[in-house]
Amino acid sequence: MNRTEKGLLPFLEQYNASGVSRFHMPAHKGNFPLYAGLPLSRLDITEVQGADSLYESDGVIAETEARLATVYGSRETLLSAGGNTLCIQAMLALAARPGGKVVCTRNLHVSAVNAMALLGLEPVFVYPDRDRAGGLPGTASPAAYAQALSGAPDACAVYLTTPDYFGVRSDVAGVASVCRARGLPLLVDNAHGAHLRFLSPDRHPLSLGASLCADSAHKTLPVFTGGAYLHIGDPAFDRAAAKDAMALFGSTSPSYLTMLSLDACASYLETDARRDFAALCQTVAALEALAVSKGFSLPAGDRDPARLSLGTLSAGCTGERFARHLRAHGVEPEYVSNGWVVLLPSPFNTPADFDRLRQALDAFIPAPPLPCPVPEDLHPARVMTLREAVLAPCELLPVARCEGRVAACAKSPCPPGVPLVMPGEKITGKLKNLLADYGLNALKVVK
Ligand SMILES: Cc1ncc(COP(=O)(O)O)c(C=O)c1O
């Protein structure tokens, strides 16, 4: 897109006018009928009398929350206008104990790493033993969690990120039963799975035994950016404590527009969501079949049937080249890496969007497969706690000069926001090269 004027508004207007097919977040795609014609700036208010108050809700906001709890079958569902990040901060604050450890895989989102650092929690990593084909992060089996827990007597929670960015789902029910046996809460970052409740069968983590679950509603449902849900499934956690935990981190001025969109979405979830997601999954299955016939590969394991993640190397091209091909057909993907392109379809993509995607796949001419490098497991050594490292005096250095130093922050390509290095970890030569390969040129290190 050629930019003619400076500033955000001209960019957004041009992007909108370009008519590009949005296979990226947010899932409303600028196309959710309930928002059409709403006078948005007139609806952006604050906590005036009668408007309720997010962190002490007992009026109109609480009514929406109660409807969503019914829709999701939760004990309580709380709105967030601070994204899933705020829900993750609250989940970890609810489970935190002084000096507590959280058992998790390493592909957790940077928001969880930062929240643990602030709360003085330390991760104990479980390493994926499944679904790692094509250089994807993979998932860890319940047995791997049980083993990690046997070495972590001071664990205060298990933290699962599922589905991952590529739509690969972990065995939530299996990990939940491991947690029950240890009497520990299972916290699930379900950022990419708010819609899973509306598939058949229901695959939502709360339905599979999560104690607390954070859904980034704007990623897969018709919600404005920043709208998310915190669901409570376990009676050990109560609503008032969860509200307090959100208030600990959240802005005192949550956006009424974002909350309005969570409310409008509740009406959609009560009515058309199941029907629309069933149709979406059929469309995605047909696109997947077409892509496979052209040589693309799909992630191994249990996939979210509403997401389209395509491995491009098996079709003889890099992710970047395939993304250029998609853009030439008017399709903007969600994520592109050397070997993968992630598309995020939703019920609010139009038939014309799907036609473009189909035409792009039809027109693609595969070539002999390219080699798929198997990423090395680096397992950097932790020499300081997360908290010590983020609070330590630090300096910003070019990555090329960071070998032997200790990271003072999490560093991740975004998306997907999964850190390559975490605070407190020592930078080895290999890690330094990996950061540079991802185009990350500077890093804050402990002085
Ligand atoms: C796995 C995961 N968790 C959490 C988040 C943070 O969600 P939000 O951007 O809604 O705050 C993201 C965002 O991309 C994510 O991918």
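Positions within a chain are numbered from 1, following the residues in the order the chain's sequence is written. With the structure being a predicted model, the display of local features is reserved for residues of pLDDT at least 70 and the display and counting of side-chain atom pairs for 80 or more, all residues being used for whole-chain, interface and lining totals. Only hydrogens and water are set aside; all other atoms, that is, all heavy atoms of the structure, feed into the side-chain values.

A.B. asks: Teacher, can you tell me more about the overall build of the chain here?
C.D. replies: Counting its regular elements, the chain contains 15 helices and 16 strands. All radius of gyration figures rest on C-alpha atoms, and the globule criterion is 2.2 Å times the number of residues raised to 0.38. Computed over C-alpha atoms, the radius of gyration of the chain comes to 22 Å, within 12% of the 22 Å expected from 2.2 N^0.38 for 447 residues, which places it in the range of a compact globule. Across its three principal directions, the C-alpha atoms of the chain cover 60 × 55 × 45 Å. For the exposure calls, accessible area comes from a 1.4 Å probe over protein chains only, and a residue counts as buried if that area is under 20% of its type's maximum, exposed if over 50%, partly exposed in between. In the chain, buried positions account for 54% of the 447 residues. Taking the intrachain contacts of the chain between residues at least 6 apart in sequence as the baseline, contacts between residues at least 24 apart amount to 70%. Each accessible area is a Shrake-Rupley estimate made with a 1.4 Å probe; only the visible protein chains count as cover when residues are assessed. When the accessible surface of the chain is split by element, carbon and sulfur atoms take 55% of a total near 18,700 Å². Here Asp and Glu are counted as negative and Lys and Arg as positive; His is not counted, and neither are the chain ends. Charge coordinates come from a single atom per side chain, which is NZ of Lys, CZ of Arg, CG of Asp or CD of Glu. Charged side chains of the chain number 40 positive and 42 negative; the gap between the two group centres comes to 6 Å. In this description a helix means any DSSP run of H or I spanning at least four residues, a strand means any run of E spanning at least two, and both kinds are numbered starting from the N terminus. By definition in these notes, contact holds between two residues if any of their heavy atoms fall within 4.5 Å.

A.B. asks: Could you clarify how one ought to interpret the sheet that holds strand β2 (residues 76–80) in this entry?
C.D. replies: Spatially, the 7 strands line up as an open sheet ordered β2-β9-β8-β7-β5-β3-β4, and their pairing is mixed. A single partner strand is all that each edge strand has here, and the edge strands are β2 and β4 (122–126). Strand-to-strand, the axes of this sheet are offset by a mean angle of 20 degrees, without reference to chain direction. Here helix α9 (residues 239–249) sits on the sheet in contact with β2 and β9 (228–232), set at roughly 15 degrees to β2. Any two strands with at least two DSSP bridges between them are considered paired. Convention adopted: a line fitted to C-alpha atoms gives each axis, helices being fitted over their contacting stretch, and angles between N-to-C directions are expressed from 0 to 180 degrees.

A.B. asks: I keep staring at the pairing of β9 and nothing clicks. Help me out?
C.D. replies: The side chains of a regular strand alternate, first on one face of the sheet and then on the other. Here β9 lies mainly inside the structure; 5 of its 5 residues are buried. Burial along β9 is two-sided: Ala-228, Leu-230 and Ile-232 facing one way and Tyr-229 and His-231 facing the other are all buried. Pairing of β2 with β9, which is carried by 5 bridges, proceeds in the antiparallel orientation. By the bridge assignment, Glu-76 is partnered in β9 with Ile-232.

A.B. asks: What is the right way to look at the environment of Leu-287 in this model?
C.D. replies: Inspection of the secondary structure puts Leu-287 in helix α11 (residues 273–293). For the pair Leu-287 and Leu-308, spaced 21 residues apart in sequence, the C-alpha separation works out to 8.1 Å. Setting aside chain neighbours within four positions, we find Leu-287 in contact with Leu-308, Phe-354, Leu-357, Arg-358 and Leu-361.

A.B. asks: Is there a simple way to think about the site of the ligand in this case?
C.D. replies: The local shell around the ligand holds 13 residues, among which Asn-84, Thr-85, Asp-189, His-192 and Ser-216 are the closest. Under this definition, polar contacts are N or O atom pairs within 3.5 Å; protein pairs additionally need one hydrogen-donor-capable and one acceptor-capable atom, and for neighbouring residues in sequence, both atoms have to be side-chain atoms. In this structure, Thr-85 approaches the ligand through a side-chain N or O atom, which is 2.6 Å from an oxygen atom. Within the side chain of Ser-216, one N or O atom sits 2.7 Å away from an oxygen atom of the ligand. Protein chains shield 84% of the accessible area of the ligand, which is 390 Å² for the free molecule. Secondary-structure elements contributing two or more residues to the shell around the ligand are α4 (83–95) and α8 (217–220). Note on definitions. A residue lies near a molecule or strand when any single heavy atom of the residue is within 4 Å of it.

A.B. asks: Please explain the side chain of Asp-215 as it appears in this structure.
C.D. replies: Within the fold, Asp-215 resides in strand β8 (residues 212–215). Buried and without a salt bridge, Asp-215 has Arg-197 as its closest oppositely charged side chain, separated by 8.9 Å. Sequence-distant contacts of Asp-215, that is, excluding residues within four places in its chain, are made with Tyr-72, Asn-84, Asn-190, Ala-194, His-204, Ala-228, Tyr-229 and His-231. Take a side-chain nitrogen of Lys or Arg and a carboxyl oxygen of Asp or Glu: if they are within 4 Å of each other, that pair is a salt bridge.

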